[in-house]
Amino acid sequence: MLDAPAPEVQPAARATRIRSRGRAHVVLPAYNEAAALPSLLDRLAAQASTEQLTVWVVDDGSVDDTAAVAEAGVPGLDVRLVRHDANAGLGQALRTGLHAVLDVAGDDDVAVVMDADDTHDPALLRPLLDQIQAGADIAICSRFVPGGDDSTAPPLRRLLSRAAALLFRRVLRVDGVRDFTSGYRAYRVDLLERATLHWGERLVEERGFACMVELLLKLRHCDPVVAEVPLPLRYDRKPGASKLALRRTVGQYLLLLLRTRLTPPPHREL
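Residues numbered from 1 in each chain as written. Predicted model: local features only at pLDDT ≥ 70, side-chain atom pairs only at ≥ 80, totals over all residues. Heavy atoms only, no water.

1. Overview of the packing of aromatic side chains
A complete count under the given rule lists two aromatic pairs for this structure. For the ring pair F168 and Y253, a centre distance of 6.0 Å and an interplane angle of 85° mean the geometry is edge-to-face. Residue F168 is located in helix α5 (residues 155-171), and its partner Y253 is located in helix α8 (residues 246-262); the two are separated by 85 residues in the primary sequence. Judged by relative accessible area, which is 0%, F168 ranks as buried. (Phe/Tyr/Trp six-rings, centres within 6.5 Å; stacked < 30°, edge-to-face > 60°. Helix = DSSP H or I, 4+ residues; strand = E, 2+ residues; numbered from the N terminus. Buried < 20%, exposed > 50% of the residue type's maximum accessible area, 1.4 Å probe, protein only.)

2. Some words on the pairing of strand β1 (residues 24-30)
Counting buried positions over the seven residues of β1 gives seven, a clear majority of the element. Both faces of β1 are covered, namely the face carrying A24, V26, L28 and A30 and the face carrying H25, V27 and P29. For β1 and strand β2 (residues 53-60), the ladder comprises seven bridges, and the chain directions are parallel. Among the inter-strand pairings, V26 is bridged to a residue of β2, identified as V55. At this point the chain moves from β1, through helix α1 (residues 37-47), to the parallel β2, and the crossover so formed is right-handed. Where β1 and strand β4 (residues 110-113) come together, four bridges link them in parallel fashion. Paired with A24 across the bridge in β4 is V110. (Pairing = 2+ DSSP bridges. Right-handed = clockwise from strand over helix to strand, strands pointing away.)

3. Some points on the pattern of salt bridges
For the structure shown, the criterion picks out 19 salt bridges. As a salt-bridge pair, R21 and E51 come within 2.9 Å of each other at their nearest N and O atoms. Here R21, found in the segment before β1, pairs with E51, found in the loop between α1 and β2; they are 30 residues apart in sequence, far enough to count as distant. You can call R21 partly exposed: its relative accessible area is 28%. Residue classification places E51 among the buried positions, given a relative accessible area of 9%. In this structure, E51 engages R126 in a salt bridge whose closest nitrogen and oxygen atoms are separated by 3.6 Å. Of the two residues, E51 is situated in the loop between α1 and β2 and R126 in helix α4 (residues 125-133); the sequence distance between them amounts to 75 residues. Overlapping salt bridges bring together R21, E51, R126 and D130 as one network. (Salt bridge = Lys/Arg side-chain N within 4 Å of Asp/Glu carboxyl O.)

4. A look at the sheet that holds β2
If you walk across this open sheet you meet the seven strands as β3-β2-β1-β4-β6-β5-β7, and the pairing is mixed. The open sheet is flanked by β3 (78-84) and β7 (226-230), the only strands paired with a single partner. For this sheet the average axis-to-axis angle between neighbouring strands, irrespective of direction, equals 20°. Here three bridges tie strand β5 (residues 138-142) to strand β6 (residues 185-188), and the two strands are oriented antiparallel to one another. In the sheet register, I138 faces β6, and the bridge partner there is Y187. (Axes fitted to C-alpha atoms, helices over the stretch in contact; angles between N-to-C directions.)

5. Side note on the UniProt feature "domain: Glycosyltransferase 2-like" (unreviewed entry) in the chain
Those residues carrying the UniProt feature "domain: Glycosyltransferase 2-like" (unreviewed entry) are residues 26-193 in this numbering. Along residues 26-193, the helical share is 38% and the strand share 20%, with 17 Å between the first and last C-alpha atoms. (UniProt positions renumbered as here; feature names shortened; annotations may be inferred.)

6. A word on α4
Every buried residue belonging to α4 is among L125, P127, L128, L129, Q131 and I132, and all of these are buried. Downstream of α4 by a residue or two, G135 has a phi angle that is positive, lying close to 130°.

7. Re the environment of R234
With respect to the helices and strands, R234 occurs in the loop between β7 and α8. With 85 residues separating them in the primary sequence, R234 and D149 have C-alpha atoms 8.7 Å apart. Only 3.0 Å separates the side chain of R234 from the side chain of D236, close enough to count as a polar contact. (Polar contact = N/O pair within 3.5 Å; in protein donor to acceptor, adjacent residues only side chain to side chain.)

8. Points about α5
Under the 1.5 Å per step criterion, the end-to-end length of α5 is 24 Å for 17 residues, consistent within 8% with the ideal 24 Å. Considered for burial, the residues of α5 that qualify are R157, L160, S161, A164, A165 and F168. Projected onto a plane normal to the axis of α5, the buried residues spread over an arc of 125° and lie on a single side. Projecting away from the buried face of α5 at angles above 90 degrees are the exposed residues P155, L156, L159 and R170. (Expected span 1.5 Å × (residues − 1). Arc of directions from axis to C-beta.)

Next comes the structure, spelled out in structure tokens:
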């Protein structure tokens, strides 16, 4: 395994103070990821030697040994399992994981969402958390900043990610965001709590891959400071086929864009 290059960090705009560094709660929505989880958990355990980590595996109705792998855990890593009886989709797994974190986290803690297929490098946790500590409310691992790379992804998936990024960047500008669809992000817990007070169970409504964009677009109403760090995507580490349905995801992105344009902003400050 090659070590990831040292990331070139994009500084957080409007960062005004150094914050205390709380616990990082890593949410892994997982559907049939028994083959990928052992390697990913081992790599997360290596990060736990220098960071306070709790890993939440959300087993979204898997029919393989995903739950058993999570329950077995790895030495030196706090792994917790949350289960859906049936497959409900990425969005619902994301919502379940974030609610589990918010039930126990402190205001200085951070919720980190990663893909469970081992394509995201846990070594990037440190630059993400550094950005949060430096004042960012959201830190995104981005393929579209210097040092980012998505060349190992399938061509159609690369095209979708780039087209979505261009579309959302032009139509719904969010300061500091280039990679709208990245699934590797860190959020301050107090930001998620403020948003949850307004949207409640509607904070994440999308069932599919569009949920990551939906959450970002809702959080923009909280006027967050956003930073991006480079993401060298390692799609070559993925042990199975992609679960992304291209046509369905395109439709979800377009409907989300339409709903967002037609929905008025919150009537009060969040």
